[in-house]
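Chain and residue survey
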Amino acid sequence: DAGVIQSPRHEVTEMGQEVTLRCKPISGHDYLFWYRQTMMRGLELLIYFNNNVPIDDSGMPEDRFSAKMPNASFSTLKIQPSEPRDSAVYFCASSSSYRGQGTQYFGPGTRLLVL
Amino acid sequence: GQQVMQIPQYQHVQEGEDFTTYCNSSTTLSNIQWYKQRPGGHPVFLIQLVKSGEVKKQKRLTFQFGEAKKNSSLHITATQTTDVGTYFCAGPGSGTYKYIFGTGTRLKVLA
């Protein structure tokens, strides 16, 4: 299995631009999570999906952030407009409710820098 | 809301010394997970503890879940340079599969 795939791996953009981060979970996993990691705030859960349905988006910082999961093999996290304080590493993770008891498998992350 | 704290925040040890990180939750946990993140990498699952007082070992790593299921610890015996990284504990939040990650302990091993 290829593991969780994220793209792009690095993104540098200017304030005000739209940023789209992409994630392909492990095949067969029914849960997908988006996290943000910064030195100041640590690893924060932004939103998670179960069977493509958003379950809890209470961690999404504000309306500039949105996430979708149109099918079981693809999810996006969009920031529009981006701001310098959005600079962070964004991780996608997936897990299976059928095995592994909630073990989360993380992707390599997208390192976002907003200038 | 639920909080998961870890101490210490940073730890520098000489290679061969032991290391322990402690995890404390503001609420009782049904289980606890531990992850390791190498510098520049992503968190990787290490283990899950479920039972009160449970102790599990993985080679030089010993994991313990407290009797009250509100705290946990990870102990590394005779650290090696390959142990460098940040160790996170994670406890379930509201919703079965939502996990709250601890603040992490960053370990540096000096050769």
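Anyway, here's the lowdown on the structure attached to this text. Everything numeric here is computed off the predicted structure, so don't read it as measured data.

Bringing a nonpolar patch on the surface into the picture now. Residues and elements named next belong to chain A. Nonpolar side chains collect at one region of the surface, where V12, L113 and L115 lie side by side and expose about 290 Å² of accessible area between them. Topologically, V12 is positioned in strand β2 (residues 10-13). Take V12: its relative accessible area is 56%, and that puts it in the exposed class.

Within a regular strand, the side chains alternate between the two sheet faces. By the bridge criterion, 3 bridges tie strand β5 (residues 42-50) of chain A to strand β6 (residues 53-56) of chain A in an arrangement that is antiparallel. Opposite Y48 of chain A, over in β6 of chain A, you have D56 of chain A as the bridge partner.

Here the focus is the interface of chain B and chain A. If you look at the interface, chain B gives 19 residues, while chain A gives 22 residues. Between chain B and chain A lies a buried interface of about 1600 Å² when both sides are counted; carbon and sulfur atoms form 53% of it. Three residues stand out in chain B for area buried against chain A, namely Y97, K98 and F101 of chain B, and they jointly supply 38% of the buried area on that side. Summed over the shared surface of chain B and chain A, the result is 1 salt bridge.

Attention shifts here to the pattern of salt bridges. All names here are of chain A. One pass over the structure, following the stated rule, counts 11 salt bridges over all chains. Across the salt bridge formed by K78 and E18, the nearest N and O atoms sit 3.9 Å from each other. Here K78 is found in strand β8 (residues 74-79), whereas its partner E18 is found in the loop between β2 and β3 (19-24), with 60 residues between them in sequence. You can call K78 partly exposed: its relative accessible area is 30%. Between R64 and D86 there is a salt bridge whose closest N-O contact spans 2.7 Å. With R64 in the loop between β6 and β7 (65-71) and D86 in the loop between β8 and β9 (88-95), the pair connects residues that are 22 residues apart, well separated along the chain. By relative accessible area, which is 10% here, R64 ends up buried. Given a relative accessible area of 1%, D86 falls into the buried group. Because the salt bridges share partners, they merge into one network encompassing E62, R64, E83, R85 and D86.

This part takes up the state of the cysteines. All names here are of chain A. Enumeration according to the criterion identifies 2 disulfides over all chains in this entry. The partner cysteine of C23 in its disulfide is C92, sulfur to sulfur 1.8 Å. Judged by the sign of its S-S torsion, about -65°, the bond between C23 and C92 is left-handed. With C23 in strand β3 and C92 in strand β9, this residue pair connects regions lying 69 residues apart in the sequence. Given the relative accessible area of 0%, C92 is considered buried.

Let us look at the sheet that holds strand β1 (residues 5-7) of chain A. Residue and element names in this part refer to chain A. Here we have 4 strands laid out as an open sheet, ordered β1-β3-β8-β7, and antiparallel in their pairing. The two strands at the open ends of the sheet, each matched to only one other strand, are β1 and β7. Here the average twist between neighbouring strands, direction ignored, is 15°. Inspection of the sheet shows β3 paired to β8 by 5 bridges, in the antiparallel sense. Bridge pairing in β8 links C23 to S75.

The rules behind each value
- Residues numbered from 1 in each chain as written.
- Chains lettered and ligands numbered in written order.
- Predicted model: local features only at pLDDT ≥ 70, side-chain atom pairs only at ≥ 80, totals over all residues.
- Heavy atoms only, no water.
- Patch = residues over 30% accessible without salt bridge, like charges linked within 9 Å, V, L, I, M, F, W, Y side chains within 5 Å.
- Areas by Shrake-Rupley, 256 points an atom, 1.4 Å probe, with all protein chains shown as cover.
- Salt bridge = Lys/Arg side-chain N within 4 Å of Asp/Glu carboxyl O.
- Helix = DSSP H or I, 4+ residues; strand = E, 2+ residues; numbered from the N terminus.
- Buried < 20%, exposed > 50% of the residue type's maximum accessible area, 1.4 Å probe, protein only.
- Pairing = 2+ DSSP bridges.
- Contact = heavy atoms within 4.5 Å.
- Buried area = accessible area lost by both parts, 1.4 Å probe.
- Disulfide = S-S within 2.5 Å.
- Axes fitted to C-alpha atoms, helices over the stretch in contact; angles between N-to-C directions.

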